[in-house]
Amino acid sequence: MNDERPPSRIRINLALFAIGLATFAMLFSTQALLPDIAAAFAVGADASSWTVSAATIGLAVAVLPLSALSERFGRRRMMTVSVGVAVALALVIPFAPDLGTLVALRALQGAAIAGIPASAVAYLSEELDSRATVGAVGLFIAGNSVGGMVGRVLTGWVSDGFGWRAALAAVAVMGLVSAVVYRVLLPRSRNFRPAPLRPRVLLGAVRAHLSRPLLLRLYAIGMLLMSAFSAVYTVIGFRLVEEPFGLSAGLAGSVFVIYLVGTGSASATGPMIERLGRRGALYAAITTVSAGLLLTLSDQLALVLIGMVLITGGFFFGHAVASGSVSRAATEGRAQASALYQVAYYLGASLGGTTGAVIYHAADWSGLVAFALTALLTTAGITLYATGRARADRRASARLA
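Residues numbered from 1 in each chain as written. Predicted model: local features only at pLDDT ≥ 70, side-chain atom pairs only at ≥ 80, totals over all residues. Heavy atoms only, no water.

Enquirer: I tried to follow the overall build of the protein on my own but got confused; where do I start?
Expert: In terms of helices and strands, the protein carries 16 helices and zero strands. Since a compact globule built from 401 residues should have a radius of gyration of about 21 Å, the 20 Å found for the protein is in line with a globular shape. Each principal axis of the C-alpha atoms in the protein carries an extent, and together these give about 65 × 45 × 40 Å. Each of the 401 residues in the protein was classed as buried or not, and the buried ones make up 57%. Look at the contacts in the protein between residues 6 or more apart in sequence, and 83% of them connect residues 24 or more apart. Carbon and sulfur atoms provide 66% of the accessible area of the protein, an area that totals close to 16100 Å². Averaging the coordinates of the 31 positive side-chain charges in the protein and doing the same for the 17 negative ones gives two points 14 Å apart. (Helix = DSSP H or I, 4+ residues; strand = E, 2+ residues; numbered from the N terminus. Rg over C-alpha atoms; globule rule 2.2 N^0.38 Å. Buried < 20%, exposed > 50% of the residue type's maximum accessible area, 1.4 Å probe, protein only. Contact = heavy atoms within 4.5 Å. Areas by Shrake-Rupley, 256 points an atom, 1.4 Å probe, with all protein chains shown as cover. Lys, Arg positive; Asp, Glu negative; His and termini not counted. Charge placed at Lys NZ, Arg CZ, Asp CG, Glu CD.)

Put into structure tokens, the structure is as follows:
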């Protein structure tokens, strides 16, 4: 039995990495193409940004219901159906005749993708021990970062040569390949026990999670971090193709290779938490992203790119800490706890993407940086409050002892 565990763990990690790659590649497939889409449909940055925000809103709306279905039908089955429907929609999306149809299809795709984050962390929590779960969640998020990078770089270069519709078709093919790899590798659930569909039980679990201050803080942190990150990455393409940089769509899309930094930072979550503690790790993430935002105010491309490295590494590290902490804190109803985190996280993506585009149009890049820094300062305030509460609880326990 012991001889079988390491290969199973490796297969689980690789399979979740593959489906994480497919998730982010498809979910944010239009982000690097926003300038091209805006030009094709003769609209502004704020209108074209809805091709991203519609997908993240669709995911946020669907993730909780699909988490309930995963409790009944299984995490593995839910992820398989979700990625299959998302890939099918990805193959149709390049043929959207107008912006309204494109936005509607993207909303449906986001809703389909919702079954993956709704089930992935719960699957890992059930199939792996608690120490292995932290690293596995980090690898799943690392897959997200690789998918986000490859998808955006691929779309940028394909769009340069063949147009934005061909670029979206290329992402669909990549998503299909990743989905096949996931399905072949992921072992059947050994510890899943199906539960009947009981809306009252679901609502009770949701109420219980929302009544816990610790989980509420983690949800708020995920939302705020993603708001800042989404605002930056939604608008950076517009900034880089405009003066003083004047990059082509392919070169501007290549900036997303920086997502590889997120792969490394998310994978390092476990060791860094052991060294800094969870709140210390969040402080490190917030500081890193803030420093990166300030560097992007420069008109020198090298400093902007360094800033993007810091933003990306800090964000994925902070996201992995917060997401893993939710799974650790929820001893019951883990699927719902993780789903609520995803709701907050992707609402943050929608808020940040759309608001960032509007702010950039009205107040240029400096206004966007101010928006992102405000979100990060609020995150720091929440973490500082949690630190104070933890110290007060320790002092109270010491007095009772």
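Enquirer: How should I be thinking about the packing of aromatic side chains in this particular structure?
Expert: Centre-to-centre distance and the angle between the planes together describe a pair of aromatic rings. Enumeration according to the criterion identifies 11 aromatic pairs in this entry. Judged by centre distance (6.3 Å) and plane angle (15°), the ring pair of Phe 315 and Tyr 345 falls under stacked. Taken together, the positions of Phe 315 in helix H15 (residues 301-329) and Tyr 345 in helix H16 (residues 334-400) put the pair 30 residues apart, joining distant regions of the chain. In this pair, the class of Phe 315 matches that of Tyr 345, namely buried. An aromatic cluster of at least three residues, connected via ring pairs, comprises Phe 24, Phe 28, Phe 229, Tyr 233, Phe 315, Phe 316, Tyr 341, Tyr 345 and Tyr 346. Here the guanidinium or amino end of Arg 72 rests over the ring plane of Phe 73, the centre of that ring lying 5.4 Å away. (Phe/Tyr/Trp six-rings, centres within 6.5 Å; stacked < 30°, edge-to-face > 60°. Lys NZ or Arg CZ within 6 Å of the ring centre and 35° of its normal.)

Enquirer: Looking at this structure, how should I read the side chain of Ser 325?
Expert: Note that Ser 325 resides in helix H15. In this structure the side chain of Ser 325 is engaged in a polar contact, spanning 2.7 Å, whose partner is the backbone oxygen of Val 321. Leaving out residues up to four positions away in the same chain, Ser 325 has contacts with Leu 218 and Arg 278. (Polar contact = N/O pair within 3.5 Å; in protein donor to acceptor, adjacent residues only side chain to side chain.)

Enquirer: Would you explain the side chain of Gln 31 in this entry?
Expert: Within the secondary structure layout, Gln 31 lies in the loop between helix H1 (5-27) and helix H2 (34-40). A relative accessible area of 3% places Gln 31 in the buried class.

Enquirer: What exactly am I supposed to notice about the packing of helix H11 (residues 213-241) against H15 here?
Expert: Running from N to C, H11 and H15 point in directions that differ by 155°, and their axes come no closer than 10 Å. Relative to H15, H11 is oriented roughly antiparallel. H15 is crossed by H11, and the crossing has left-handed handedness. The class makeup of the residues in the contact of H11 with H15 is 21 nonpolar, four polar and one charged. (Axes fitted to C-alpha atoms, helices over the stretch in contact; angles between N-to-C directions. Parallel < 35°, antiparallel > 145°, perpendicular 65-115°, else oblique. Left-handed = near helix turned anticlockwise from the far one by under 90°. Nonpolar A, V, L, I, M, F, W, Y, C, P; charged D, E, K, R; others polar.)

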